[in-house]
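# Fold and geometry: a report
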Amino acid sequence: MIPDYYEFKSATKILSGANAIEHLPYELANLGAHRVLVVTDERLNSLGMLKPILAAIHDSEIEVAAIFDQVPVDSAVEAVNALARHYRELRCSGIVAVGGGSVLDTAKGAGIVLATGEDDLMHLRGSEVLSNICLPPLVAIPT
């Protein structure tokens, strides 16, 4: 039986369908991500999978600081830490992750490292609840 009343709240916004990628600059701007680091893996980058994403961003106010394509098939803490370090060095204000689970998980892990001010994800072991952190803007584009 369905209850008479219930609530569901989620911070996740999902855009899907034809031409959804064209909304990317608008969504990034709304998140305050004006200088983004695009994250993917070497294979997707070499196959040209970033072309429509970069094209959507090209004619906007959003700047692509760099493309980070060093995410391994089975990601590792080293990739998370390297991504966070690269983000800080380039003074980015958001992440656009394009890929499968490994890429998306690496981007989320880097967000946690960035939000906590840590340099190494392993320093956060045992942190069952991360509270009062402000994650950097992240747009995930799953392949």
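Check the entry above for the structure.
Presented here is an overview of the structure given in this document.

## Brief notes about the side chain of T40
Considering the arrangement of structural elements, one finds T40 in the loop between β1 (35-39) and α2 (42-46). At 2.8 Å, the side chain of T40 and the backbone oxygen of V98 are in polar contact. Beyond its immediate chain neighbours, meaning those up to four positions away, T40 contacts N45, L50, I67, F68, D69, Q70, V71, V98 and V103.

## Let's talk about unusual backbone geometry
One non-glycine residue, N19, lies in positive phi territory at about 65°. With respect to the helices, strands and loops of the structure, N19 is situated in the segment before α1 (24-31). Residue N19 is classed as partly exposed on the basis of its relative accessible area, which comes to 49%. One non-glycine residue with positive phi stands out, namely R91, at about 55°. Within the fold, R91 resides in the loop between α4 (77-89) and β3 (94-99). For R91, a relative accessible area of 71% puts it in the exposed group.

## Description of the pattern of salt bridges
Per the counting criterion, the structure on display carries four salt bridges. Residue R35 pairs with E63 through a salt bridge whose shortest N-O separation is 2.5 Å. Taken together, the positions of R35 in strand β1 and E63 in strand β2 (residues 63-68) put the pair 28 residues apart, joining distant regions of the chain. Classification of R35 by relative accessible area gives partly exposed; the value is 25%.

## Some remarks on the packing of α1 against helix α3 (residues 51-58)
Where α1 contacts α3, the axes come no closer than 8 Å and their chain directions differ by 65°. Considering the angle they form, α1 stands roughly perpendicular to α3. Listed contacts from α3 to L24, P25 and L28 of α1 are I53, A56 and I57. Residue classes in the contact of α1 with α3 are distributed as six nonpolar, no polar and no charged.

## Brief notes about the sheet that holds β2
Reading across the sheet, the four strands line up as β2-β1-β3-β4 and stay open at both edges, with parallel pairing between neighbours. With partners counted over all chains shown, the strands left at the sheet margins are β2 and β4 (138-142), one partner each. The mean angle between the axes of side-by-side strands here comes to 20°, regardless of whether they run parallel or antiparallel. Strands in contact with α3 are β1, β2, β3 and β4; relative to β2, the strand with the most contacts, it is inclined by about 160°. In the packing of α4 onto the sheet, the strands contacted are β1, β2 and β3, and the crossing angle to β2 comes to about 155°.

## Describing the nonpolar core
L37, V39, F68, L83, Y87 and I95 are the most contacted members of the largest nonpolar core, which has 18 residues in total. Elements with a contribution of two residues or more to this core: β1, β2, α4, β3 and α5 (101-116). Per-element accounting of this core gives the leading share, six residues, to α5. Those residues in contact with Y87, other than ones at most four positions away along the chain, are L37, C92, S93, G94, I95, L114 and P136.

## Structural notes on the pairing of β3
A regular strand carries its side chains on alternate faces of the sheet. In terms of residue burial, β3 counts as a mostly covered element, since six of its six residues are buried. A two-sided burial pattern is seen for β3, the buried positions comprising G94, V96 and V98 on one face and I95, A97 and G99 on the other. Note: β1 against β3, four bridges, orientation parallel. Across the sheet, the residue bridging to V38 is V96, located in β3. Inspection of the sheet shows β3 paired to β4 by five bridges, in the parallel sense. Note on β4: the bridge partner recorded for V96 is V139.

The rules we used
- Residues numbered from 1 in each chain as written.
- Predicted model: local features only at pLDDT ≥ 70, side-chain atom pairs only at ≥ 80, totals over all residues.
- Heavy atoms only, no water.
- Helix = DSSP H or I, 4+ residues; strand = E, 2+ residues; numbered from the N terminus.
- Polar contact = N/O pair within 3.5 Å; in protein donor to acceptor, adjacent residues only side chain to side chain.
- Contact = heavy atoms within 4.5 Å.
- Buried < 20%, exposed > 50% of the residue type's maximum accessible area, 1.4 Å probe, protein only.
- Salt bridge = Lys/Arg side-chain N within 4 Å of Asp/Glu carboxyl O.
- Axes fitted to C-alpha atoms, helices over the stretch in contact; angles between N-to-C directions.
- Parallel < 35°, antiparallel > 145°, perpendicular 65-115°, else oblique.
- Nonpolar A, V, L, I, M, F, W, Y, C, P; charged D, E, K, R; others polar.
- Pairing = 2+ DSSP bridges.
- Core = buried A, V, L, I, M, F, W, Y, C linked by side-chain atoms within 4.5 Å.

Keep in mind these numbers describe shape, not what the thing actually does.
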